[in-house]
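Below are the chains, spelled out letter by letter.
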Amino acid sequence: ETGVTQTPRHLVMGMTNKKSLKCEQHLGHNAMYWYKQSAKKPLELMFVYSLEERVENNSVPSRFSPECPNSSHLFLHLHTLQPEDSALYLCASSRDYLRGSSYNSPLHFGNGTRLTVT
Amino acid sequence: AQTVTQSQPEMSVQEAETVTLSCTYDTSESDYYLFWYKQPPSRQMILVIRQEAYKQQNATENRFSVNFQKAAKSFSLKISDSQLGDAAMYFCAYRGTSGSRLTFGEGTQLTVNP
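Residues numbered from 1 in each chain as written. Chains lettered and ligands numbered in written order. Predicted model: local features only at pLDDT ≥ 70, side-chain atom pairs only at ≥ 80, totals over all residues. Heavy atoms only, no water.

Asker: Whenever I open this one, the environment of Glu10 of chain B confuses me. Can you help?
Answerer: Residue and element names in this part refer to chain B. Within the secondary structure, Glu10 is located in strand S2 (residues 10-14). Distance from Glu10 to Thr108, taken between C-alpha atoms, is 5.2 Å for residues 98 residues apart in sequence. Residues contacting Glu10, with those up to four places away along its chain left out, are Thr108 and Gln109. (Helix = DSSP H or I, 4+ residues; strand = E, 2+ residues; numbered from the N terminus. Contact = heavy atoms within 4.5 Å.)

Asker: Looking at this model, I keep getting lost on the state of the cysteines. Mind explaining?
Answerer: A covalent bond between the sulfur atoms of two cysteines is what we call a disulfide. Inspection of every chain in the model, using the stated rule, returns 2 disulfides over all chains. Covalently, Cys23 of chain A is tied to Cys91 of chain A through a disulfide, its sulfur atoms 1.9 Å apart. Its torsion about the S-S bond being -75 degrees, the disulfide of Cys23 of chain A and Cys91 of chain A is classed as left-handed. Of the two residues, Cys23 of chain A sits in strand S3 (residues 18-25) while Cys91 of chain A sits in strand S9 (residues 87-94), which places them 68 residues apart along the sequence. Using a relative accessible area of 0% as the deciding quantity, one classes Cys23 of chain A as buried. Looking at Cys91 of chain A, the relative accessible area reads 0%, which means it is buried. Through a disulfide, Cys23 of chain B is tied to Cys92 of chain B; the S-S separation comes to 2.0 Å. With the S-S dihedral at roughly -70 degrees, the linkage between Cys23 of chain B and Cys92 of chain B falls on the left-handed side. With a gap of 69 residues between them, Cys23 of chain B in the loop between strand S3 (19-21) and strand S4 (24-26) and Cys92 of chain B in strand S10 (residues 88-95) connect regions that are remote in the sequence. Cys23 of chain B sits in the buried class, given a relative accessible area of 2%. (Disulfide = S-S within 2.5 Å. Buried < 20%, exposed > 50% of the residue type's maximum accessible area, 1.4 Å probe, protein only.)

Asker: What am I meant to see in the pairing of strand S5 (residues 44-50) of chain A here?
Answerer: Along any regular strand, the residues point their side chains to alternate faces of the sheet. Residue and element names in this part refer to chain A. Within S5, 6 of the 7 residues are buried, which leaves the element mostly enclosed by the surrounding structure. In this structure, strand S4 (residues 31-37) lies alongside S5, joined through 6 bridges in antiparallel fashion. Its bridge partner lying in S5, Tyr33 is registered against Val48. Following S4, the chain reverses through 6 residues before pairing antiparallel with S5; Lys40 in that reversal takes a positive phi of roughly 60 degrees. With 4 bridges connecting them, S5 and strand S6 (residues 53-57) associate as antiparallel partners. Residue pairing across strands places Phe47 opposite Asn57, the latter belonging to S6. The turn joining S5 and S6, which pair antiparallel and follow one another in sequence, is formed by 2 residues; a positive phi near 50 degrees is taken by Leu51. (Pairing = 2+ DSSP bridges.)

Asker: Would you mind showing me how to read the interface of chain A and chain B here?
Answerer: Accessible area lost when the parts come together is the quantity often used to give the size of an interface. On the side of chain B, 23 residues touch chain A, which itself brings 31 residues to the contact. Carbon and sulfur atoms make up 48% of the surface buried where chain A meets chain B, a total of about 2,200 Å² over both sides. At the junction of chain A with chain B, the criterion picks out 0 salt bridges. Where chain A packs against chain B, one counts 7 residue pairs in polar contact (both at pLDDT 80 or more). Elements supplying a minimum of two residues to the side of chain A that touches chain B: S4, S9 and strand S11 (113-117) of chain A. Counting residues per element, the side of chain A that touches chain B draws most heavily on S4 of chain A, at 3 residues. (Buried area = accessible area lost by both parts, 1.4 Å probe. Salt bridge = Lys/Arg side-chain N within 4 Å of Asp/Glu carboxyl O. Polar contact = N/O pair within 3.5 Å; in protein donor to acceptor, adjacent residues only side chain to side chain.)

Asker: Even after reading the chapter, I still don't get the sheet that holds strand S1 (residues 4-7) of chain A, so can you show me in this structure?
Answerer: The pairing of strands in a sheet comes from backbone hydrogen bonds and takes either a parallel or an antiparallel form. Residues and elements named next belong to chain A. Spatial strand order, S1-S3-S8-S7: 4 strands in an open sheet with antiparallel pairing. Each end of this open sheet is capped by a strand with a single partner; those strands are S1 and strand S7 (64-70). The mean inter-strand angle of the sheet, taken between neighbouring strand axes irrespective of direction, is 20 degrees. (Axes fitted to C-alpha atoms, helices over the stretch in contact; angles between N-to-C directions.)

Asker: Hey, could you run me through the pattern of salt bridges in this one?
Answerer: Pairing is possible between side chains that carry opposite charge, provided their charged atoms lie close to one another. On inspection of all chains with the given rule, the structure shows 5 salt bridges over all chains. Residue Glu44 of chain A is joined to Lys41 of chain A by a salt bridge in which the shortest nitrogen-to-oxygen separation is 3.5 Å. For Glu44 of chain A, a relative accessible area of 30% gives the class partly exposed. Lys55 of chain B is the salt-bridge partner of Glu52 of chain B, the closest N and O atoms lying 3.9 Å from each other. A residue is classified by how much of its surface remains accessible, and Glu52 of chain B, at 15% relative accessible area, is buried. The exposure class of Lys55 of chain B is partly exposed, given its relative accessible area of 39%.

Quick look at the structure:
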């Protein structure tokens, strides 16, 4: 039990498909994150949600659409992806997303979804 | 903007020996947090150790310790008595005082030889 669960573990999709990645955290955290991990590149922060409100969107193409229906669940909706979008997508959560004294709450990650776009 | 650099793409160590992974960072902030994360083949990123910049004492967690040199902006990880289970990709990460954005390095792949 990792505390942060991601499904599916692997996903292969065509460029015209629509799919969704799911993340669920059982830690009572208030902030959730999507990261993209490509080979030989640092992790890239995509989106941040705090108390179900999007607080960061780092110039991510519109073919990636996040959704946070409640503080325990986070989705990443995918449509008309490109082959260069193939990567490991990691979800994470933390106790807080605050500008101040609580910023030391570490991230807890899921096992990721390995996405291949053909 | 903050940057994190890990200059060793790959490292190897003999079981029971000690290895040090390097990390440097660039920032204009005076207060921040530094982290080392481990990513084994299971792909889950696991927090290994963290250091508050305002603390001069180096953090230690069992066999893992850091050498934090604030003036040099260096944050190396030392693994003592290496075990086969330590084999993983290790990421150094920086977190400033504004929000929770983590900036990661490119990672160091550690191999532990029996």
